[in-house]
Amino acid sequence: MTQDPRSEESVGGPPTDPGSTVDSTNTTAARVDETAGGATSASAAPDGPTEAGATADGPTAAGATAVAPGRERSSALGRKPRNPVLHFVREVLIIGVTALIISFLIKTFLVQAFWIPSGSMETTLVYGDRVLVSKIQAGPMSVERGDVIVFEDPGGWLPPTDEVDRGPILGPLMEAAKFVGVAPEGESHHLIKRVIGVGGDHIVCCDDQGRLTVNDEPLNETYLFEGDEPSLENFDITVPEDHYWMMGDHRSYSRDSRAHDDGTGTAGSIPADRVVGQAFVLIWPLDRFDWFSNPQDVFGSVPEPVAEGQ
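Here is a short report on the structure shown in this document. (Residues numbered from 1 in each chain as written. Predicted model: local features only at pLDDT ≥ 70, side-chain atom pairs only at ≥ 80, totals over all residues. Heavy atoms only, no water.)

### Quick look at the pairing of strand 8 (residues 235–238)
Consecutive side chains of a regular strand alternate in pointing toward one face of the sheet and then the other. For clarity, the cut-off: The classification of residues rests on relative accessible area computed with a 1.4 Å probe and restricted to protein chains. Under 20% of the type maximum is buried, over 50% is exposed, and intermediate values are partly exposed. By definition, any uninterrupted DSSP run of H or I lasting at least four residues is a helix, any uninterrupted run of E lasting at least two residues is a strand, and each is numbered from the N terminus. Strand pairing is assigned whenever DSSP identifies at least 2 bridges connecting the two strands.
In strand 8, alternate side chains face the same way, and those of F235 and I237 are buried while those of D236 and T238 on the opposite face are not. Bridge count for strand 5 (residues 202–205) against strand 8 is 4 bridges, and the pairing is antiparallel. Bridge pairing links I203 to I237 in strand 8.

Structure representation (structure tokens):
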């Protein structure tokens, strides 16, 4: 009985790959040693020929591209890093330009800052106060009696002023800051007063108790500068349509509609299209911070004007 030589290989010493001397097409499987990470072991390199498509480091799968170890990392490290200073400057410029655009849009359509250059509205407003003016309230349908509003000089209300020379650098910067709304308007062509009468109102100074009357309703003006009379000048006027009769709270110090009128109310009243907006908050100095509200206790009982001919 002839003994099968393969039985000794399975019992005795180390097994012999049966294909290592029989089938030359399996030489690749015999000489490749699996290693952790997929690298080819140098000790497993065969003495025989290599399979077509294999590299010196080991075979590659059909259709795949061999990437040398570390090549991907070298490619990533090879990218030029961004300069942190330039990146920071770029971000600051973007934020700054965006803020200026937003400020300009707010100043143009919503809110604008003004500072008070005189004492004509004391003690409601004093010299140096900063106020925010809402432009949404501008227009004949929004302005009411008692509102504190900013308006453009209709002509001749403000005396000529000398331009302040701030130099070739600071001057343009200040004008640009005012234009975009980050600096408040000051001594320019704007004024701030209180609305005493609207279009059609009949305003008289004064009744037997020294009070103004609007449409025959007397006003107990609680906002007047302490010790001031409602007016030292007598007048009897009717406010034209789409106009406002304006007076300062510091009556003895304010040059307002009274000083520019011809006795009829036409010359002293300001047109509605000159209104910039309504002052709604005092923001500076902080110890004087205050929200402005319409004094309904003064004007709440004033009736609407009676149309002519009725």
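That covers the picture; the talk isn't over yet.
### Points about the nonpolar core
Going by this rule: In these notes, a set of buried Ala, Val, Leu, Ile, Met, Phe, Trp, Tyr and Cys residues joined through side-chain atoms within 4.5 Å is what counts as a nonpolar core.
I196, I203, L212, L219, F235, W245 and F299 are the most contacted members of the largest nonpolar core, which has 16 residues in total. Sorting the residues of this core by element identifies strand 5, strand 6 (212–214), strand 8, strand 9 (243–247) and helix 6 (296–299) as the ones contributing at least two each. Of all hydrophobic cores here, the second largest spans 13 residues; its members include F114, I116, I192 and V276.

### So, the state of the cysteines
Heads up, the condition is: The criterion for a disulfide is a pair of cysteine sulfur atoms lying within 2.5 Å.
The full count for this structure, using the stated rule, is 1 disulfide. Note that C205 is cross-linked by a disulfide to C206, the S-S spacing being 2.0 Å. Taking the torsion about the sulfur-sulfur bond, which here is approximately -65 degrees, the covalent link between C205 and C206 counts as left-handed. Judged by relative accessible area, which is 5%, C205 ranks as buried. The class for C206 is partly exposed, based on a relative accessible area of 24%.

### Looking at the packing of aromatic side chains
We count it as follows: Note on aromatic pairs: the rings of Phe, Tyr and Trp (six-membered ring only in Trp) are paired at centre separations within 6.5 Å, and the planes decide the class, stacked below 30 degrees, edge-to-face beyond 60, tilted for the rest.
As enumerated under the stated definition, the model contains 5 aromatic pairs in all. Where F235 meets W245, the ring centres are 5.4 Å apart and the plane angle is 35 degrees; that geometry is what we call tilted. Taken together, the residues F235 in strand 8 and W245 in strand 9 connect sequence positions 10 residues apart. Each member of the pair, F235 together with W245, is buried.

### Considering unusual backbone geometry
Of note, the amide linkage connecting C205 to C206 takes the cis form, showing an omega dihedral of 0 degrees. Topologically, C206 is positioned in the loop between strand 5 and strand 6. For the bond running from W284 to P285, omega is 0 degrees, close enough to zero to count as cis. With a phi close to 70 degrees, D216 is a non-glycine residue in the positive phi region. Turning to its location among the elements, D216 is positioned in the loop between strand 6 and strand 7 (217–218). Of note in the backbone geometry, D242 takes a positive phi value of approximately 60 degrees without being a glycine. Relative to the helices and strands, D242 is located in the loop between strand 8 and strand 9. Of the residues examined, D242 reaches a relative accessible area of 48% and is grouped as partly exposed.

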